[in-house]
Amino acid sequence: MFGELDAQQLLDDIQASIELVQNGNMKDLEAMLVGQAKALQTMFVSMANRANNQQYLKQFTTYMNLALKAQTQSRATIQALVELKYPRQVIVTQQANIANGHQQVNNSAAASGQFSEQYAYMHAGKNQSETNKVLESNHDNTKDTKNQPQRLDSRTTKTAISSHTPLETVAAVNRG
C-alpha cells in the first residue's frame with residue numbers, strides 16, 4: 001500500500017519536525033492530530049454502520065465496542081489538539097478553600113468589623129495563623145509572672161491547678 005520506506009528519509013523528516021517544534025512551530029503536529037481525529041471518526045462511523053447491519057448480538061457487540069473505542073480515541077485526540085493550540089493558564093492563588101458542602105469565606109476587613117469604602121468588595125487576603133492562639137491559656141490562674149498567657153502545650157509535666165468548685169451529691173429523682 002505504501003511501498004518501501006527509506007529509513008534515512010524518515011529520520012530526516014523526524015529531525016526536521018523536531019527542529020520546527022523546538023522553534024515554536026506546531027503546525028505539523030496540529031495537522032497530524034487533525035488527520036488522526038478525522039481517521040478515527042471515519043473508523044467510528046464505519047464500525048457503527050457495520051454494527052447496525054448485524055443480526056446477532058455477539059457481532060453487534062463486537063462492532064459497537066470497536067466503534068466506541070474509536071470514538072474515545074477521537075475525543076482524546078481532539079482534546080490533545082485543543083490543549084496544544086490553547087494551553088491551560090497557570091493560576092497562582094494565595095488561599096484555597098476546600099470543603100465538603102456549603103462554605104462562606106470572609107477575608108475582608110468588613111468581616112472583622114473594620115468596614116470602609118475600600119473594602120466594599122470581598123477579596124482574598126493573607127491569612128494569619130491562629131494555631132499559636134489555640135495553644136495559649138488566658139485564664140487568671142495560668143498567667144505567668146509577667147502576666148503573659150502560658151502555653152498549654154509545653155511538653156513538660158506541670159503541677160495540677162486547684163479549683164474551688166463545690167461538689168454536692170445528686171438529689172434523688174422523684175419518678176412517677
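Residues numbered from 1 in each chain as written. Predicted model: local features only at pLDDT ≥ 70, side-chain atom pairs only at ≥ 80, totals over all residues. Heavy atoms only, no water.

Turning to the overall build of the protein, a few remarks are in order. On a plain count of helices and strands, the protein comes out with 4 helices and 2 strands. Its helices and strands taken in sequence order, the protein reads α-α-α-α-β-β from the N to the C terminus. Within the protein, the fraction of its 176 residues that count as buried is 10%. Considering only contacts within the protein whose residues lie at least 6 apart along the sequence, 34% involve residues at least 24 apart. If you sum the accessible surface of the protein, you get close to 16,200 Å²; carbon and sulfur atoms cover 53% of it. (Helix = DSSP H or I, 4+ residues; strand = E, 2+ residues; numbered from the N terminus. Buried < 20%, exposed > 50% of the residue type's maximum accessible area, 1.4 Å probe, protein only. Contact = heavy atoms within 4.5 Å. Areas by Shrake-Rupley, 256 points an atom, 1.4 Å probe, with all protein chains shown as cover.)

Averaged over every residue, the pLDDT of the protein is 75; residues scoring 70 or more account for 53%. Here residues 119-123 is modelled with pLDDT under 50, and outside its nearest four sequence neighbours on either side it reaches 11 contacts, counting other chains as well. (pLDDT = per-residue confidence, 0-100.)

Within the fold, Leu20 resides in helix α1 (residues 7-22). Ignoring any residue separated from it by four or fewer positions in sequence, one finds Leu20 in contact with Asn25 and Asp28.

With 26 residues, helix α2 (residues 27-52) ought to run about 38 Å at 1.5 Å a step, and its terminal C-alpha atoms sit 37 Å apart, in line with that. Buried residues in α2 make contact with α3 (57-85). (Expected span 1.5 Å × (residues − 1).)

In total, this model carries 2 salt bridges according to the counting rule given. Between Lys85 and Glu30 there is a salt bridge, with the nearest N and O atoms lying 3.5 Å from each other. Of this pair, Lys85 sits in helix α3 while Glu30 sits in helix α2, placing them 55 residues apart in sequence. Its relative accessible area of 44% is what places Lys85 among the partly exposed residues. Where Arg88 meets Glu83, a salt bridge forms, and the shortest distance between an N and an O atom there is 3.1 Å. Its relative accessible area of 67% is what places Arg88 among the exposed residues. (Salt bridge = Lys/Arg side-chain N within 4 Å of Asp/Glu carboxyl O.)

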